[in-house]
Amino acid sequence: MKLIYAYLIIFLAFISCYDDKGNYDYTSLNSVTIKPFSFGSISYGDTLQYSPELTFSGDTTSSNFDFEWTLFGTKKFKSRDLFYITDTIGSGIIILHITDKKTGAIYSQHTILTTKSPYETDGFVILSRGAGNESILSYLRQSYNSNYNATETNYYTYKDFYNVYEEINKESLGQEPVRIMQHFHESDYNHNSETGSFWILQGGNNSLDVSGISFEKDVLLKDQFLDGVPAGFEPFDIVDMTWSTFVIGKDGKMYSRKKNSEFLFNSGYFLSEPVTFEENGTTHEVNGLGVIHHRYTAGSYTLLYEKNLHRFLLIMDSDQQVAGKVTAPFVPHDAYESNDVARIDNLGAMKMIHCGAYKWDNYPDAIRFHAILQDPEGIFYSYDFGLNSTKYGDEPAISTIKQQVLPEATQQVLSNIIGNGKNIFNTGYTDASAWGIKQLLGYVLITHNNELWLLNRTTGTIILYDTFEADITSIDTEIYNAWVAGIGLANGKFYVEEVSAPAYTNEVPHRMFSFEKKFGEEIISVRFKNGSTWM
């Protein structure tokens, strides 16, 4: 043991005499944290600008690092902030590499960027009339407003592509514009869904379908008839579903086609015989002027108010076998809230003023419908009912039919504006209980010449929402949450209105966006352009 202690004393003496010449620099290493970022999708030709949010250690600054952005694997930008004018269509990875100049340590963050055709994203499509009665098709692309905050209340900004059809196709669209209507096709693993195409209805047998991605011409409506266009046919409206299409003339006659494939926008041919409905051994020619458009795939049908029969009918579309069949919806005995509620199969003495569809997320209803009725004494009623989904084989059935007298103040307003001037109706596609970007509102927009009125579906109250410098000629609301409405005027001007609970209570302005330019002499039809499928 004494020997061990002796060796230990000699070792300690040796190291105490050792001259330490090592380099012990205890300066902290540079480090940086990059906050995750995402860009979603933008349009071809748009500018992507982004300044990353960085957190440096200690007194480290940007000058201690080299920066490099890599886009789609090939495009490189050696700068702290990203500035890129999109020149590629598709999806790819954006990577930010930050390299420590002293140690070579690399820090990185990445995300996926999708760039689309400049015409592919959401927005409003406008069909207008020129000075020579020519048809003009324009597109307003809707984008998120990066400056949106408590004071900048416009959540979206818009870029206009005036006369986009002629710009793309290098030919005039046609004459006598009537209506535009978007339609879609189904998708599966082998068939990608595409942004819905648009039927452009106009005079002179020149109605046509155009791509929702490029606005290139696809097919002419007249070429889709098996035996040629019926004599005297003038287009008024169109319903294009998964398996069937119905085109409606100004005289109310409906002509149908059954598609060969649910994965194509156009297949099969229209028959030249008008659509009929059979009940109790009697065949009725169907009047399609009361078709009620909706954009919900869950229903697999389109509801129709048949004005000659004064009742509701269904156009079925759940599969290829039943597609195109017009039938009476089943009404359970307990569906009516009371005995004095108007009947689905015969509205009796009630006059139909308007009926529209709105989204409903509570099972079993796939869609609900809201109508305004008027009795012989001139009293107005709200009339509301649901329809279940038939997509998976269930039979269509009406549910929860409610009828309620509207408040006295609403009665006075409706008596003054309904039938006394130009009236257009638009039912907001959502329910007041839903939330989206904004707290939402269940409503019906009603025009009276240049006045825009809002009927609250929940309370039955009505307010004058806005007044314009010319008569309102067309309205459509965005499909997702119905808090943005496009308003077309008789003088060719276009406005975007916010129709949300905060706007309703005047917390934010009603008018979101206006355009100095005119989209022709008169706007004829407006349609909100949404994604790649029905909702």
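Scroll up to find the structure.
Within the chain, the regular secondary structure consists of 4 helices and 38 strands. Looking at the chain as a whole, 53% of its 535 residues are labelled buried. For the chain, contacts bridging at least 24 residues in sequence account for 56% of all contacts bridging at least 6. Surface accessibility of the chain: about 25,200 Å² in total, with carbon and sulfur atoms responsible for 49%.

Turning next to the nonpolar core. Phe312, Phe369, Tyr383 and Phe494 are the most contacted members of the largest nonpolar core, which totals 67 residues. Per-element tally for this core: the top contributor is strand 27 (residues 365-374), with 5 residues. Those residues within four positions of Phe494 in sequence are excluded, and the remaining contacts are Phe124, Ile126, Leu140, Gly486, Ile487, Gly488, Phe513, Ser514, Phe515, Phe519, Ile523 and Val526. Ile34, Leu54, Phe65 and Leu82 belong to the second-largest nonpolar core, a separate cluster that totals 19 residues.

Next up on the list: the environment of Trp483. When you line up the elements, Trp483 lands in the loop between strand 34 (472-477) and strand 35 (484-489). What makes Trp483 buried here is its relative accessible area of 1%. With 17 residues separating them along the chain, Trp483 and Ser500 place their C-alpha atoms 5.0 Å apart.

Quick look at the side chain of Asp240 now. Within the fold, Asp240 resides in strand 17 (residues 235-240). Here the side chain of Asp240 touches His183 through a polar contact of 3.1 Å, side chain to side chain. Of note is the side chain of Asp240, whose polar atom sits 2.7 Å from the side chain of Lys259.

Below, the discussion takes up unusual backbone geometry. For Asn163, which is not glycine, the phi torsion reads 55 degrees and is therefore positive. Checked against the element boundaries, Asn163 lands in the loop between strand 12 (156-161) and helix 2 (164-169). For Lys170, which is not glycine, the phi torsion reads 55 degrees and is therefore positive. Residue placement: Lys170 occurs in the loop between helix 2 and strand 13 (177-183).

Turning to the sheet that holds strand 12, a few remarks are in order. The 4 strands lie next to each other as 12-11-10-38, forming an open sheet whose pairing is antiparallel. Where the open sheet ends on each side, the last strands, each with one partner, are strand 12 and strand 38 (522-529). Adjacent strand axes in the sheet meet at a mean angle of 25 degrees, parallel and antiparallel pairs treated alike. Alignment of strand 11 (residues 135-144) against strand 12, held across 6 bridges, turns out to be antiparallel. Along strand 12, the bridge assignment pairs Ser143 with Thr157.

Attention shifts here to the pattern of salt bridges. According to the stated counting rule, one finds 19 salt bridges in the structure shown. A salt bridge links Asp384 to Arg368, with the nearest nitrogen and oxygen atoms 2.7 Å apart. Here Arg368 lies in strand 27 and Asp384 lies in strand 28 (residues 380-388), a separation of 16 residues in the sequence. Taken as a pair, Asp384 and Arg368 share a single burial class, namely buried. Note that Arg511 and Asp466 form a salt bridge whose closest N and O atoms lie 2.9 Å from each other. Of the two residues, Arg511 sits in strand 37 (residues 511-514) while Asp466 sits in strand 33 (residues 462-467), which places them 45 residues apart along the sequence.

How each quantity is defined
- Residues numbered from 1 in each chain as written.
- Predicted model: local features only at pLDDT ≥ 70, side-chain atom pairs only at ≥ 80, totals over all residues.
- Heavy atoms only, no water.
- Helix = DSSP H or I, 4+ residues; strand = E, 2+ residues; numbered from the N terminus.
- Buried < 20%, exposed > 50% of the residue type's maximum accessible area, 1.4 Å probe, protein only.
- Contact = heavy atoms within 4.5 Å.
- Areas by Shrake-Rupley, 256 points an atom, 1.4 Å probe, with all protein chains shown as cover.
- Core = buried A, V, L, I, M, F, W, Y, C linked by side-chain atoms within 4.5 Å.
- Polar contact = N/O pair within 3.5 Å; in protein donor to acceptor, adjacent residues only side chain to side chain.
- Pairing = 2+ DSSP bridges.
- Axes fitted to C-alpha atoms, helices over the stretch in contact; angles between N-to-C directions.
- Salt bridge = Lys/Arg side-chain N within 4 Å of Asp/Glu carboxyl O.

Read these as geometric descriptors, not functional statements.
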